[in-house]
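# Chain and residue survey
Read off the chains here:
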Amino acid sequence: MFMKSARLLPLISPHQHLSCLHSARRLFWRHFGVSFRRGMASTGAETPANISSPTPAESPDADLLTPDAANTKDTHEKMPTVGLLPGETVVKEGKAAILFPSANEVFYNPVQEFNRDLTCAVITEFVRDLLAQRGVKVVVPGEPERMVVSLSEDKTEADVPSDQENGAEQSAVTAAVGEKCEHGVRVLEGLAASGLRSVRFALEVPGLQSVTANDFSTKAAALIARNAQYNGVNHLLQASCRDASMLMYEMRGKKDRYDVIDLDPYGSPASFLDAAVQAVSEGGLLCVTCTDMAVMAGNNGETCYSKYSSVSIKTKYCHEMALRIILHSLDQRAGVYQRYIQPLLSISADFYIRVFVRVFTGPATVKNSASKQALIYNCVGCGSFHLQRMGRRISNGQHMKYSAATGPPVGPECGYCGQRHQMGGPIWAEPIHNMEFVQKVLTSVSGNPSRFGTSKRIEGMLSMVTEELEDVPLYYTVDHLSNIIHCNTPSLLQFRSALLHAGHKVSLSHACKNAIKTDAPPAVIWDIMRCWEKTNPVKRERLSETSPAFKILSTEPRLEACFAVREDANPQSRKRHLTRFQENPQAFWGPKARAKAGGGISTDLQDRTKKFQNKRKNQITDSAQLKEFPCKRFRQGACTYGDKCCYSHDLEQATEKKME
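How each quantity is defined
- Counting of residues starts from 1 at the beginning of each chain's written sequence and follows it residue by residue.
- In keeping with the predicted nature of the model, local features appear solely for residues at pLDDT of at least 70, side-chain atom pairs appear and are counted solely at 80 or more, and the whole-chain, interface and lining totals rest on all residues.
- The basis for every side-chain value is the complete set of non-hydrogen atoms in the structure, without hydrogens or water.
- By definition, any uninterrupted DSSP run of H or I lasting at least four residues is a helix, any uninterrupted run of E lasting at least two residues is a strand, and each is numbered from the N terminus.
- Relative accessible area decides the class of each residue, using a 1.4 Å probe on protein chains only: under 20% of the type maximum gives buried, over 50% gives exposed, and in between gives partly exposed.
- Two residues qualify as a contact provided that any one of their heavy atoms is within 4.5 Å of a heavy atom in the partner residue.
- For every accessible area listed, the method is Shrake-Rupley and the probe measures 1.4 Å; residues are considered covered only by the protein chains on display.
- The criterion is simple. A nonpolar core is a set of buried Ala, Val, Leu, Ile, Met, Phe, Trp, Tyr and Cys residues joined through side-chain atoms within 4.5 Å.
- In this analysis, strands are considered paired if DSSP registers two or more bridges between them.
- To define axes, lines are fitted to C-alpha atoms, for helices over the stretch in contact only, and angles between the resulting N-to-C directions are given on a 0 to 180 degree scale.
- In this scheme, a helix's expected span is set at 1.5 Å multiplied by one less than its residue total.
- Polar contact is the term for a pair of N or O atoms within 3.5 Å; when the atoms are in protein, one must be able to donate a hydrogen and the other to accept it, and sequence-neighboring residues count only if both atoms are side-chain atoms.
- By salt bridge we mean one thing: a side-chain nitrogen of Lys or Arg within 4 Å of a carboxyl oxygen of Asp or Glu.
- Directions are taken from the helix axis to each C-beta atom, and the arc is the one they span.
- Roughly parallel here means an angle under 35 degrees, roughly antiparallel means over 145, roughly perpendicular means 65 to 115, and every remaining angle is called oblique.
- Should the near helix be turned anticlockwise from the far one by less than a right angle, the crossing is termed left-handed; should it be turned clockwise, right-handed.
- When residues are grouped by polarity, Ala, Val, Leu, Ile, Met, Phe, Trp, Tyr, Cys and Pro land in nonpolar, Asp, Glu, Lys and Arg in charged, and all others, Gly among them, in polar.
- Only a pair of cysteine sulfur atoms within 2.5 Å qualifies as a disulfide here.
- The handedness rule is simple: strands pointing away from the viewer, and a clockwise path from the first strand over the helix to the second, make the crossover right-handed.
- Only Phe, Tyr and Trp rings are paired, with Trp represented by its six-membered ring, and only when their centres lie within 6.5 Å; those with planes under 30 degrees apart are stacked, over 60 edge-to-face, the remainder tilted.

## Overview of the overall build of the protein
- Across its full length, the protein carries 24 helices and 19 strands.
- The 660 residues of the protein split such that 51% are buried.
- Taking contacts inside the protein between residues at least 6 apart in sequence as the whole, the part at least 24 apart equals 70%.
- Surface exposure of the protein reaches about 33,200 Å², of which carbon and sulfur atoms provide 51%.

What follows is the structure, encoded as structure tokens:
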């Protein structure tokens, strides 16, 4: 969502908002207004009712409002309408309607609706908790009124105040959506693109004082200003055209910091994290999206280290490891400024990861940071993993004693299959969710399902999160364990039941469909697989003596696993058939092409996807098909088969096919 441009506009601060908004509108009418009117006149078409040409009341010079007038409800309702420019379409999502150019000048991905819905739900609950401390009650449309119940056993009915005595509390300050709250929170979207997310904040999240939608592209900033006017949220939303990092660095002062900062870049957010952890207020909310999953999931471990100070490895638990890598990076950068993070919710969905963390200041708590990080020793043969904490802390009365960690937790070779280990990390080894907060968001969404278009998926995803084991990092997958020893795969319920019968805790993971999170050590897991292999034997004569399967199955199990299905082995989210892992909504639904400064749709990514689609399925079965490929030896002048060669000697034909 971040696009370089040769022109850089200054930050549109609150006191400069109206004048810069005026300039942005003038820029658009200067470039597009004349051509739009000429185009309508040349075609002889009449202007539609919903696309009006700029009248004096709608011109940039006449649209300048005083601050007092901009904050009034009457002025908000009488805001002039914004006409569509040639080639523009209206994209509707949630309560927002966004003007979007047909050219790929501003980035937009409709698949990210789940991301935006979830963000609105999380920020709403964060604002509710924060404003409750300031004596402000948050009102969400469609949500049943929440009853405050006292849990004190000493209070009797006589202690409950009457309606007259409680009249002051009933007339307390309330915050509704679309209204400016003087005691509300300040929100920054650092990479706003079209401004869709910020407009949705202004229309759907109550208790906001201001929303700053920033983008480095002048065209995106002008579009944000038009979208704010089109949706009637000029009194809340401020457009800004700045470098996101410089904007956040300038707002590091304690009185200037934002309560909520949302970063959803195209690719990696690494270059913005240092500024973000400084510009968020004390206890503020930081929302970060990462879409560079190829880097964070182990394809480029060296690149991951340069961006996040952590080495990623390609494993089955790579998606949760990616979450813990970004949390480690956030905590490390916050620690430089004597700050630390508290994760509220960490989600791996589709082709990206999303984390919501609160940032606090405390030099004493920052000392715990080393003991919150861990290295990973992952066996390349059987996939067993062990965590090595970076530091150790011991409570000594009212004081905490810190020391270096001892290790490593493994030997030179894996004790189960004899293979070597690869080392990754460091990663965040503490819980990645705040279960109390997640439960609040889940209750709010499930109690008001019509609020979001993806409410069912949010409910299913958060239900799985609440069922996860908090203190168990990473996970195994049942199909991978079976693949290691080349046996049939037990059902998920059978494997979970075996772990429960053995006295261990177990849960699923939202990050992977076949994941098993458990506190059982690898020795117990392989004993269970050995017991399963006895009832589903493999042909051991076909196993190589150096293979992990041969090494593992050569050892007799120390426990007798029971695979009888238990009632508590099936979690509630699975029993209720909640939407947990949805199917792909449409073809080519993944990451979209980066926005281009001059517009135009880049089809290279889509063409490459089509070219390599089903590449492994459409394998060559007839030798006659080899004639479509050029002979490399003939090209070098070394082919001795002549006309009997199964490859083509017609280099011109091969070149033409390659050009096509």
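## Observations concerning the nonpolar core
- Of all hydrophobic cores here, the largest spans 85 residues; its most connected members are Met248, Ile261, Leu286, Ile326, Leu330, Ile485 and Phe495.
- In this structure isoleucine 261 touches Leu188, Met248, Ala276, Ala279, Val280, Leu285, Leu286 and Cys287, once residues within four positions along its chain are discounted.

## As for the sheet that holds strand E17 (residues 476-477)
- Here three strands make up an open sheet; going across it, the order is E17-E19-E18 and the pairing antiparallel. Single-partner strands in this sheet number two, and they are E17 and strand E18 (506-509).
- Pairing between E17 and strand E19 (residues 512-518): two bridges, direction antiparallel. Counterpart to threonine 477 in the pairing with E19 is alanine 515.
- Contacting E18 and E19, helix H18 (residues 492-501) runs over the sheet at an angle of about 5° to E19.

## Structural notes on helix H7 (residues 218-230)
- Its 13 residues give H7 an end-to-end C-alpha distance of 18 Å, which sits within 8% of 18 Å, the value for a rise of 1.5 Å per residue.
- Of all 13 residues making up H7, 11 are buried, and the element is well covered by its neighbours.
- Among all positions in H7, only Thr218, Ala220, Ala221, Ala222, Leu223, Ile224, Ala225, Arg226, Asn227, Ala228 and Gln229 are buried.
- N-capping of H7 is provided by serine 217, with a side-chain oxygen placed 3.3 Å from the backbone N of lysine 219.
- One or two positions beyond H7, positive phi appears at glycine 232, with a value near 70°.

## Things to note about the pattern of salt bridges
- Per the counting criterion, the structure on display carries 24 salt bridges.
- Across the pair arginine 128 and glutamate 125 runs a salt bridge, and its minimum N-O distance is 3.0 Å. Highlighted residues: arginine 128 and glutamate 125, both in helix H4 (residues 113-132), separated by three residues, approximately one helical turn.
- Its relative accessible area of 0% is what places glutamate 125 among the buried residues.
- Of the charged contacts in the structure, one is a salt bridge between glutamate 533 and arginine 540, with a shortest N-O distance of 2.9 Å.
- Look at glutamate 533 and you get buried, because its relative accessible area is 3%.
- For arginine 540, a relative accessible area of 37% translates into the label partly exposed.

## Brief notes about helix H11 (residues 301-308)
- Taken together, the buried positions of H11 are Gly301, Cys304 and Tyr308. Each buried residue of H11 sits inside an arc of 55° when the element is viewed along its axis, so together they form one side. Set apart from the buried face of H11 by more than 90 degrees, the exposed residues are Glu302 and Ser306.
- On its buried face, H11 sits against helix H9 (270-279), strand E9 (280-290), helix H10 (293-296) and helix H12 (318-335).
- One or two steps after H11, the chain reaches serine 309, where phi turns positive at roughly 60°.

## Remarks on unusual backbone geometry
- Cis rather than trans, the peptide bond between glycine 407 and proline 408 has omega equal to 5°.
- With respect to the helices and strands, the residue proline 408 is situated in the loop between strand E15 (399-404) and strand E16 (421-428).
- Residues glycine 425 and proline 426 are joined by a peptide bond in cis, for which omega reads 5°.
- Phi at glutamine 338 is positive, roughly 60°, even though this residue is not glycine.

## Let's talk about the sheet that holds strand E7 (residues 237-240)
- What the seven strands build is an open sheet, ordered E7-E6-E5-E8-E9-E11-E10; its pairing is mixed. The open sheet has two edge strands with one neighbour each: E7 and strand E10 (339-349). Along the sheet, successive strands turn relative to each other by an average axial angle of 20°, direction set aside.
- Two elements, E9 and strand E11 (residues 352-361), share seven bridges in a ladder whose sense is antiparallel. Counterpart to cysteine 290 in the pairing with E11 is isoleucine 353.
- Across the sheet, H12 is in contact with E9, E10 and E11; its angle to E10 comes to roughly 160°.

## Things to note about the packing of H18 against helix H19 (residues 522-535)
- Orientation of H18 relative to H19, taken along the N-to-C sense of each, is 125°, at an axis distance of 11 Å. As far as their axial angle goes, H19 and H18 are oblique. Between H18 and H19 lies a crossing of right-handed hand. Residues Gln494, Phe495, Ala498 and Leu499 of H18 pack against Ile525, Ile528, Met529 and Trp532 of H19.
- A class-by-class count of the residues in the contact of H18 with H19 yields seven nonpolar, one polar and no charged.

## Some details on the environment of valine 565
- Here valine 565 is to be found in the loop between helix H20 (548-553) and helix H21 (572-575).
- Along the sequence, valine 565 and leucine 493 sit 72 residues apart, while their C-alpha atoms lie 6.2 Å from each other.
- Setting aside residues up to four positions removed in sequence, valine 565 forms contacts with Leu493, Gln494 and Ser497.

## Focus: the state of the cysteines
- Applying the stated criterion to the full structure yields zero disulfides.
- Unpaired in terms of disulfides, cysteine 417 finds its nearest cysteine sulfur in cysteine 379, a separation of 3.2 Å.
- What makes cysteine 417 buried here is its relative accessible area of 1%.

## Let's talk about the pairing of E9
- For E9, the tally of buried residues reaches 10 of 11 residues, placing the bulk of the element in the interior.
- Following the chain from strand E8 (residues 258-263) across H9 to the adjacent parallel E9, one finds a crossover that is right-handed.

## Points about the packing of aromatic side chains
- Under the criterion given, the structure shown has five aromatic pairs.
- With a centroid separation of 5.4 Å and an interplanar angle of 75°, the aromatic rings of phenylalanine 351 and tyrosine 352 are classed as edge-to-face. There is no split in this pair, since phenylalanine 351 and tyrosine 352 are both buried.
- Their ring planes at 25° and their centres at 4.7 Å tell us that phenylalanine 385 and tyrosine 476 sit as a pair that is stacked. You can see phenylalanine 385 sitting in strand E13 (residues 385-389) and its partner tyrosine 476 sitting in strand E17, a full 91 residues away along the chain.
- A residue is classified by how much of its surface remains accessible, and phenylalanine 385, at 11% relative accessible area, is buried.
- Using a relative accessible area of 9% as the deciding quantity, one classes tyrosine 476 as buried.
- An aromatic cluster is built from Tyr317, Phe385 and Tyr476, whose rings are joined through pairwise contacts.

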